[in-house]
Amino acid sequence: MPLPMSRNIGAELHMPAKPSARQLITAAPKRLLRQSSYWALISGALWPVQAGIIAWVIAQWATGHLGTGAWAAAGAFAALGIGRGWADRMGARRAFAAADQVIAEQRRLLLDRETLRMDGRASSADLAALLSEKLAMVSPYISRYTPAMSRTAVLPTLYLACTFYVSWIAGLILVVAGPLIPVFMALVGMAAKEASERQMAQIGDMNALLIDRIAALPDILLLNAADRSRADFADKAEGLRKRTMAVLRVAFLSSTVLELFAAIGVAMVAVYTGFSLLGEITIGAWATPLTLGEGVFILLLAPEFFQPLRDLASAWHDKASADAVSAELQALEAAETPPVLGHGAPASRLEGPARLEMTGVSLTRGGVSRALPDLAVEPGESVALKGPSGVGKSTMLDLAAGLLRPESGEIRVAGQPLDDETADGWRARLAFVPQSVHVPDVTLRDFLDPHRSGADMTVALARARATGIVDALPEGLETRLGETGAGVSGGEARRLLLARAFLSGAEVILADEPTADLDRATAAEITAALADLRASGCTVIVATHDPVLCAAMDRVVELEGAA
Amino acid sequence: MKRLWVILKLLCSADPWAMGRGAALTVVVLIMGAALLGLSGWFITATGLAGIAGIGIAFDVFRPSAGVRFLALGRAAARYGERLLTHDATLRALASLRITLMRRLELWPMEALRRLRGASALTRITADVDALDGVALRLALPLTAGVITHLVAFGLLAWLVTPLIALSLTAGYLIGGALVLLRVAARTLAPSTRAETAMQALRRGAIGLFRGQREVILQGALPDWRARIDTEEAEARAAHDLLDRIDGGAGFALSSLVALLTALVLGLSGGLIAAGGIDAAQAAIGVFVALALAETVLPLRRGVAEIGRMRDAAARVLADVPDGPAPVAAATRSPDPDPDAGIELCDVTLMRPGRDLPLVEGLSFSVAPGEMLVLSGASGAGKSTLLDALAAVSPIAGGEIRCLGVPLADWPESELRQHLMLLPQRSALLGGSIRDNLALSVGELTDAAAWEVLRAVELERVVADRGGLDAILGEGGAGLSGGEARRLSLARALLRKPNILLLDEPTEGLDPATARAVIQGVRSYLPTAAIIAASHRAAEAESADHHRELNGPRGNSIMNQ
């Protein structure tokens, strides 16, 4: 997955990062990564052999031997080269498989946890982004950065040993140039970080500018400001470019230092070798003077000595992005949001009369702990919870449905404690009409009958006073609702939910402010539908301010402010 | 593919000179890299030959060794320049691509634009433009630079070594590289579409699940949803796995190509040396350059593997305007408005989008300059739809609306907007200063004018407390409370000084006292405007000269019988 450029730039500027994405790699992917590094080492170890072949061939040419016999050596070189490419591929595939496993595992953990957390969790869009493209950003870290890291740990040492075996001076050149690189990169990286901290503070990212303007486009068009908005964007983008370039001028120095040392290292090895071969430098080799073959051999090793470091440097930003994602995942995991009761899975209806009792229940929300009044509702009874907003009416309904976990006290339903075991079975007997109904992107038929029982909907719709809604939709029951389809208003959605309650034969109806924000006629229809449910034997609990609705219930429970 | 070409031209035309110099330095870096290895190889072999022949003293060591040093330092410097220049060119191109996108979106119907505001639509747009950023940087630039480098290398090798070696390397790399890369491009087209589709489906599924979480848990439908999301997830990973397999295969093919071509040069050179055509040092140039030219093909495969993704992104970014009602105010000739006429509705019928029953039928009223009318009615009764129709944003099904005496259809869009302003219920601010947000309305904005309008919407104190007009707001106006953001959008609307002002719930979220003051402020700021406000609150009702209640759709009234 390509990283947007702005992110690359940002990451370029923050080279020293906390090692945290590493914690995402569990045992199984670690094993794959180990296999991957073995393949990379096999590939790396083949290169000195290939270099030796070239060195031998050139040395033979120089002494006038070996004419057409070079073909055999060339064949060996090609075979080794293909073997090396194969080993690289095996290693890369295993590293990718490791990344794939980590991502699958993290997605599973995230879904397992967050689908059951409801109260005060991160926004749906943020969670979805984390689950999809953000977690995918961990992949290059595992499949590119980690292998580059293990290559850097071994291959330069191997090539250095080969070089030392031939000439200690050439080895010394690499020893000096090699380890100096990280030092200089760190220095430049620090300078870049400082520069970025001074300047990046005001740099908004170009996509944020774009998103802002697209989201505001309807307003911009109404303001007749399209030209002004574009000119303003161009201005800001130009400012962003200038400031970014100012930072990049410093930031790119670190990779230039790397290139420079690599180039100087190779050049010095070449020049040293040339002078030794001419006999002008006689030290450096061990017993005998340096031969042409040996010279070619160490020249071919020199660039490869630096290559793992260069790979590592170009994968730096992968690590930075992965660390950011990992930090986000950890913050989410650490959030103290208890899950709902039960598993949200289908269950057979909990046995027993539809009675609800809440005694001594308290819970903490938004950092404030508070006690809720006791409540007992008999089967078939209808109760209105009344009281000022913020007193905990909605909270009590959520508790009754097992959507919130009480901190203390006991909730009993159908004569049993409401807990992880009973919650799903209890919810199978419930119908819940929330204040704002989320209308999913499905057909009306699937909305009313989510488990596809195929029951006839005419009666249920009529009893919920919802027949007119269906008649007015262009394709009746087959109309798609939700984001991409025909919208239904809040009052319509509540009536459709009541129709579903009739259809499913729910025994307990929980309704949160079912008549709020509605015109009188619609409110009356909803009150009538609730009364109808009550008459058919349902237990009905509503949270409401509406005196008309209160009057239609058997009993009104007044909730006090500081109960 | 034609669309990718359009995008590339667009990216390059932002600043052809910037792109050109970036490309030139890319070539310089590649050539210097190959030259460094070639020269080093030649130097060592030649000195070795000289040493064997015992003519070491006569050998000119200084020019080649200076050349090696120059190429080493020059390559590093050129690489630095290349990175700076290509990033500079890309940043310019990014801005230009995004401006083009905005220009195209401006032609979209309002309904479609409002749908775009969802998080998933916006993420998709950014993902698309990000993918397109790579068309120049990851695809066109390295591809062009690679081909040029090979042509230059051909010339130099033919001159310094022999045309046979030059031809085998250039032909080998160009033909072999092209075959591998074309195959990668062809094979990744379908899987990259698949991967992208699956990722979008995964994101949509997750948003749907998390938004509807309460319902899903209450219905005991979590396992069903999870199974669906897990399927999408597995599909996305399978597609990415396939892409990686193709990518790995291409990497293997390309590194095999390098090994085979180097071997070919080794073998051919042996024959040439035996025949006395070239010496060992010349042959070494060929071998080393063969190895160095790997740099021109190996990095290309990632860019090529993204072609499918880029193609799809280009298709969406350059997509045709989506279907929707034709613009209402689409006249080309300037009308002759009557400033005393206000706004008039004659027998207007409105249909609710997606329904075939009228929402409002036979509605007639007029509002004169200086008067205010309040529209009330239950939610869903058609208040916002009516305001959209009055603002010429959506069409009406029957009747006529006249703005300043001229039917809406006889206005050119931009002239209508000079006289008529709609503040929708959901309006968005921009990140940036408060001044930037206000200046969007009028362009030139004096401090006095800005403070005057902020006073009218009771924001003077709030803005002063935040540090004045240059106080910075976050993305979408973050940092202001809901009520403050609402009033800033209102101020922005007032600055247009429209003859007709249409307000949808202008005081929502304000306490009654502030709401009253704001409505008073609006009326005294625009004493001669005809104002229509949809509202159910007392502040508007008290100040209004006229009232109109909408009774809702026929669907309701039928059921009431």
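Keep in mind that this is a model prediction, so the values were computed, not measured. (Residues numbered from 1 in each chain as written. Chains lettered and ligands numbered in written order. Predicted model: local features only at pLDDT ≥ 70, side-chain atom pairs only at ≥ 80, totals over all residues.)

1. Some thoughts on the overall build of chain A
Here comes step 1: When you go through chain A residue by residue, the secondary structure sums to 19 helices and 10 strands.
Here comes step 2: When each of the 563 residues of chain A is scored for burial, the buried share is 52%.
Here comes step 3: Put simply, of all contacts in chain A between residues at least 6 apart along the chain, 82% involve residues at least 24 apart. (Helix = DSSP H or I, 4+ residues; strand = E, 2+ residues; numbered from the N terminus. Buried ≥ 20, exposed ≤ 12 C-beta atoms within 10 Å, placed from the backbone. Contact = placed C-beta atoms within 7 Å.)

2. Brief notes about the overall build of chain B
Here comes step 1: From N to C terminus, chain B includes 21 helices and 11 strands.
Here comes step 2: Its C-alpha atoms give chain B a radius of gyration of 34 Å, clearly above 24 Å, the size a compact globule of 561 residues would have.
Here comes step 3: Taken along the three principal axes of its C-alpha coordinates, chain B extends 110 × 60 × 45 Å.
Here comes step 4: The buried share of chain B, reckoned over its 561 residues, is 54%. (Rg over C-alpha atoms; globule rule 2.2 N^0.38 Å.)

3. Section: the confidence of the model for chain A
Residues and elements named next belong to chain A.
Here comes step 1: Summing up the model confidence of chain A, the mean pLDDT is 84 and the portion of residues at 70 or higher is 89%.
Here comes step 2: Within the model, the stretch residues 1-17 combines pLDDT values under 50 with 43 contacts to residues more than four positions away or in other chains.
Here comes step 3: Ignoring residues within four places in sequence, the model shows residues 200-204, a span with pLDDT below 50, making seven contacts including any to other chains. (pLDDT = per-residue confidence, 0-100.)

4. Describing helix 12 (residues 307-317) of chain B
Here comes step 1: Within helix 12 of chain B, eight of the 11 residues are buried, which leaves the element mostly enclosed by the surrounding structure.
Here comes step 2: Looking at helix 12 of chain B, one finds that the buried residues are B:Ile307, B:Gly308, B:Arg309, B:Met310, B:Arg311, B:Ala313, B:Ala314 and B:Val317.

5. Digging into the nonpolar core
Here comes step 1: Counting 375 residues, the largest nonpolar core has A:Ile58, A:Val138, A:Ile509 and B:Leu502 as the members making the most contacts within it.
Here comes step 2: Filtering out sequence-adjacent residues up to four positions away, A:Val138 remains in contact with A:Ala21, A:Leu24, A:Ala99, A:Val102, A:Ile103, A:Ala322 and A:Val325. (Core = buried A, V, L, I, M, F, W, Y, C linked by C-beta atoms within 7 Å.)

6. Examining the environment of A:Ala551
Here comes step 1: Note that A:Ala551 resides in helix 19 (residues 547-551).
Here comes step 2: Taking the C-alpha atoms as reference points, A:Ala551 and A:Ala384, separated by 167 residues in sequence, lie 8.7 Å from one another.

7. Some details on the sheet that holds strand 4 (residues 398-403) of chain B
All names here are of chain B.
Here comes step 1: Taking strand neighbours across the sheet as the criterion, the four strands line up as 2-1-4-5 in an open arrangement whose pairing is antiparallel. Both edges of this open sheet fall to strand 2 (358-367) and strand 5 (406-407), since each of them pairs with a single strand only.
Here comes step 2: Sheet topology note: the strand 4/strand 5 ladder contains two bridges and is antiparallel. Paired with Arg402 across the two strands is Pro407, which belongs to strand 5.
Here comes step 3: Set on the sheet, helix 13 (residues 383-390) makes contact with strand 1 (343-351), strand 2 and strand 4; between it and strand 1 the angle comes to about 125 degrees. (Pairing = 2+ DSSP bridges. Axes fitted to C-alpha atoms, helices over the stretch in contact; angles between N-to-C directions.)

8. So, the packing of helix 8 (residues 222-274) of chain B against helix 9 (residues 280-292) of chain B
Residue and element names in this part refer to chain B.
Here comes step 1: Contact geometry for helix 8 and helix 9: axes closest at 9 Å, N-to-C directions at 170 degrees. With respect to helix 9, the axis of helix 8 lies roughly antiparallel. Contacts from Val258, Leu261, Thr262, Val265, Leu266, Ser269, Leu272 and Ile273 of helix 8 reach helix 9 at Ala280, Ala283, Gly286, Val287, Ala290 and Leu291.
Here comes step 2: Classifying every residue of the contact of helix 8 with helix 9 gives 11 nonpolar, three polar and no charged. (Parallel < 35°, antiparallel > 145°, perpendicular 65-115°, else oblique. Nonpolar A, V, L, I, M, F, W, Y, C, P; charged D, E, K, R; others polar.)

9. Let's talk about the interface of chain B and chain A
Here comes step 1: Each side of the interface is counted separately: chain B has 136 residues, and chain A has 134 residues.
Here comes step 2: It is helix 8 of chain B that provides the largest number of residues to the side of chain B that touches chain A, a total of 25 residues.
Here comes step 3: When grouped by side-chain class, the residues that make up the side of chain B that touches chain A number 65 nonpolar, 42 polar and 29 charged.

10. Quick look at the pairing of strand 10 (residues 530-534) of chain B
Remember that side chains alternate between the two faces of the sheet whenever the strand is regular.
Residue and element names in this part refer to chain B.
Here comes step 1: Burial within strand 10 is extensive, with five of its five residues counted as buried.
Here comes step 2: For strand 9 (residues 500-504) and strand 10, the ladder comprises five bridges, and the chain directions are parallel. Residue pairing across strands places Leu502 opposite Ile532, the latter belonging to strand 10.
Here comes step 3: Once the chain exits strand 9 it traverses helix 19 (residues 512-525) before rejoining the sheet at strand 10, and the crossover so formed is right-handed. (Right-handed = clockwise from strand over helix to strand, strands pointing away.)

11. Side note on the sheet that holds strand 8 (residues 508-512) of chain A
In a beta sheet, neighbouring strands pair by backbone hydrogen bonds and run either parallel or antiparallel.
Residue and element names in this part refer to chain A.
Here comes step 1: Judged by pairing direction, the sheet is parallel, and its five strands sit side by side in the order 7-8-9-4-10 without closing on themselves. Each of the sheet's edge strands pairs with one partner strand only, and the pair in question is strand 7 (430-433) and strand 10 (555-558). Shown here is a sheet whose adjacent strand axes are inclined to one another by a mean of 15 degrees, direction ignored.
Here comes step 2: One ladder, built from four bridges, connects strand 4 (residues 382-386) with strand 10; its direction is parallel. Its bridge partner being in strand 10, Ala384 is matched across the sheet by Val556.
Here comes step 3: Lying on the sheet, helix 12 (residues 393-400) is in contact with strand 4, strand 8 and strand 9 (539-543); it crosses strand 9 at an angle near 145 degrees.
Here comes step 4: Its contacts with the sheet place helix 17 (residues 490-504) against strand 7 and strand 8, and it is angled at close to 175 degrees to strand 7.

12. Side note on the packing of helix 2 (residues 27-62) of chain A against helix 9 of chain B
Here comes step 1: The N-to-C vectors of helix 2 of chain A and helix 9 of chain B enclose an angle of 160 degrees; their axes lie 9 Å apart at closest approach. Considering the angle they form, helix 2 of chain A stands roughly antiparallel to helix 9 of chain B. For the element pair helix 2 of chain A and helix 9 of chain B, the recorded crossing hand is right-handed. Residues A:Ile54, A:Ile58, A:Trp61 and A:Ala62 of helix 2 of chain A form the contact with helix 9 of chain B, whose own contacting residues are B:Ala280, B:Ala283, B:Ala284 and B:Val287.
Here comes step 2: A per-class count over the contact of helix 2 of chain A with helix 9 of chain B returns eight nonpolar, no polar and no charged. (Left-handed = near helix turned anticlockwise from the far one by under 90°.)

13. Focus on the domain arrangement of chain B
Here comes step 1: Segmenting chain B into domains produces domain 1 (2-317) and domain 2 (343-560).
Here comes step 2: Using only C-alpha atoms to locate each centre, domain 1 of chain B and domain 2 of chain B end up separated by 52 Å. (Domains from an automatic or database assignment.)

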